[in-house]
Amino acid sequence: MPNTVTIPGTVRAFSPRARAAAQPALRRVVEGVALSTGAHCKVSYAQQYPTLVNSEPAARSAEAAALSVFTKVETNPPQTMIVEDFAFMLEDRPGCYGWIGNGPDDNGQILHSAWFDFKDEALPFGASYFAAVVEQQLQ
C-alpha cells in the first residue's frame with residue numbers, strides 16, 4: 001500500500017437537495033473506509049457547479065412558445081449533466097434551459113463533444129422558436 005492516496009472526482013446532482021446531501025455522505029463513506037482499515041483521511045470538497053433549476057414561469061413561457069412552433073414538445077426530457085454553465089446564469093436570473101431538437105446523440109456526437117455535428121436544418125426551427133419567445137414577451 002502507498003503512504004498517500006489521492007482520489008479526485010466530481011459530484012453532480014439533479015436537485016439542490018441531493019447536491020447538499022452529497023458532501024456529508026461522501027465524507028461519511030471516506031471516513032468509514034479509513035476507520036475500517038486503520039488509515040487516516042482528509043477530505044477536501046469544493047462545490048463548483050450549481051444545480052440547474054428552471055423557474056416555473058419561464059418553463060411555462062418556453063413551453064407556450066415551443067407549442068406555437070413545433071409539432072411535438074417534450075416537457076419532461078431525460079435529465080442530463082451537461083448544462084452546468086447555464087446553471088450559473090439561472091442562479092442569477094430566472095429562466096429556462098431547453099433543447100430545440102438538433103437531433104439525437106448519433107454515436108457520441110452530442111453537444112460539447114469533439115464530434116458534435118450541428119444539424120443546419122434545425123436553424124429555421126430554432127430561429128422561429130426564439131422569435132416566438134420574444135413575441136410572447138412583447139404581448
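Structure: see above.
Note that the structure is predicted; figures quoted are calculated from it, not measured.

J.: Quick question: what am I supposed to make of the overall build of the protein here?
T.: When its secondary structure is counted, the protein shows 4 helices and 0 strands. Secondary structure elements of the protein occur, N-terminal to C-terminal, as α-α-α-α. Taken over the C-alpha trace, the protein has a radius of gyration of 21 Å; the compact-globule value for 139 residues is 14 Å, which it surpasses by more than 25%. Reported as C-alpha extents along the three principal axes, the dimensions of the protein are approximately 65 × 35 × 20 Å. The burial tally for the protein puts 17% of its 139 residues in the buried class.

J.: Is there a simple way to explain the environment of S113 in this structure?
T.: Looking at the secondary structure, you find S113 in the loop between α3 (84-92) and α4 (123-138). Linking S113 and T10, residues 103 residues apart in sequence, is a C-alpha distance of 19 Å.

J.: Please clarify how helix α2 (residues 56-67) should be interpreted in this entry.
T.: An α-helical segment advances 3.6 residues per turn. Residues three or four places apart therefore align on the same side. With 12 residues, α2 extends 16 Å between its outermost C-alpha atoms, agreeing within 8% with the 16 Å of an ideal straight helix rising 1.5 Å per residue. Buried within α2 we find S61, A62, A65 and A66. The buried residues of α2 all sit within an arc of 135 degrees when viewed along its axis, so they share a single face. Of the exposed residues in α2, the ones pointing more than 90 degrees away from its buried face are E56, P57, R60 and L67. As for α2, its buried residues are in contact with α4. The backbone nitrogen of A58 has a side-chain oxygen 3.2 Å away, supplied by the residue at the start of α2, namely S55.

J.: What is the right way to look at a nonpolar patch on the surface in this model?
T.: Taken together, the side chains of F116, F118 and L123 define a hydrophobic patch exposed on the protein surface, amounting to about 260 Å² of accessible area. Inspection of the secondary structure puts F118 in the loop between α3 and α4.

J.: Is there a simple way to think about the packing of aromatic side chains in this case?
T.: The way to describe two aromatic rings as a pair is by their centre distance and the angle between their planes. Using the criterion set out here, one finds 7 aromatic pairs in the structure. Both rings, one in F70 and one in Y129, keep their centres 6.2 Å apart while their planes meet at 35 degrees; by these two values the pair is tilted. Taken as a pair, F70 in the loop between α2 and α3 and Y129 in helix α4 lie far apart in primary sequence, 59 residues in all. Using a relative accessible area of 13% as the deciding quantity, one classes Y129 as buried.

J.: What am I meant to see in the side chain of K119 here?
T.: Looking at the secondary structure, you find K119 in the loop between α3 and α4. Separated by 3.1 Å, the side chain of K119 and the backbone oxygen of D117 make a polar contact.

J.: Can you walk me through the packing of α2 against α4 in this structure?
T.: Helix-helix packing is characterised by the crossing angle of the two axes and by the distance between the axes. Taken N-terminus to C-terminus, the directions of α2 and α4 make an angle of 120 degrees; their axes are 8 Å apart at the nearest point. Taken together, the axis directions place α2 and α4 in an arrangement best described as oblique. Considering how the two elements wind past one another, α2 and α4 form a crossing that is right-handed. On α4, the residues touching S61, A62, A64, A65 and A66 of α2 are Y129, A132, V133, Q136 and Q137. Here the contact of α2 with α4 is built from residues that sort into 7 nonpolar, 3 polar and no charged.

Procedures and definitions
- Every chain begins its residue count from 1, and numbering advances along the sequence as written.
- Thresholds applied to this predicted model are a pLDDT of at least 70 for local features of residues and 80 or more for the giving and counting of side-chain atom pairs; totals over whole chains, interfaces and linings are not thresholded and use all residues.
- Note that the side-chain values use all heavy atoms of the structure and ignore hydrogens as well as water.
- Helix and strand definitions follow DSSP, with helices as H or I runs of at least four residues and strands as E runs of at least two, each counted in order from the N terminus.
- What the globule rule says is 2.2 Å times the number of residues to the power 0.38, and the radius of gyration is computed from C-alpha atoms.
- Exposure classes here rest on a 1.4 Å probe applied to the protein chains alone. A residue is buried below 20% of its type maximum, exposed above 50%, and partly exposed in between.
- Here the expected length of a helix is defined as 1.5 Å per residue gap, with one fewer gap than residues.
- This arc is built from the directions going out from the helix axis to the C-beta atoms.
- A contact between two residues is defined here by any heavy atoms of the two lying within 4.5 Å.
- What qualifies as a polar contact is a pair of N or O atoms within 3.5 Å, subject to a donor-acceptor requirement within protein and to the restriction that residues adjacent in sequence count only when both atoms come from side chains.
- The patches described consist of residues with a relative accessible area above 30% and no salt bridge, like charges being joined within 9 Å and nonpolar side chains (Val, Leu, Ile, Met, Phe, Trp, Tyr) within 5 Å.
- Reported accessibility uses the Shrake-Rupley method at a 1.4 Å probe radius. Residues are deemed covered only where the shown protein chains occlude them.
- What counts as a salt bridge is simple: a side-chain nitrogen of Lys or Arg found within 4 Å of a carboxyl oxygen of Asp or Glu.
- In this analysis, rings of Phe, Tyr and Trp, with Trp reduced to its six-membered ring, are considered paired at centre separations within 6.5 Å, and the interplanar angle assigns stacked below 30 degrees, edge-to-face beyond 60, and tilted for intermediate values.
- Axis lines are fitted to C-alpha atoms, over the contacting stretch for helices. Their N-to-C directions set the angle, which ranges from 0 to 180 degrees.
- Roughly parallel means an angle under 35 degrees; roughly antiparallel, over 145; roughly perpendicular, 65 to 115; everything else is oblique.
- Crossing handedness is read from the near helix: turned anticlockwise from the far helix by less than a right angle, it gives a left-handed crossing, and turned clockwise, a right-handed one.
- When residues are grouped by polarity, Ala, Val, Leu, Ile, Met, Phe, Trp, Tyr, Cys and Pro land in nonpolar, Asp, Glu, Lys and Arg in charged, and all others, Gly among them, in polar.

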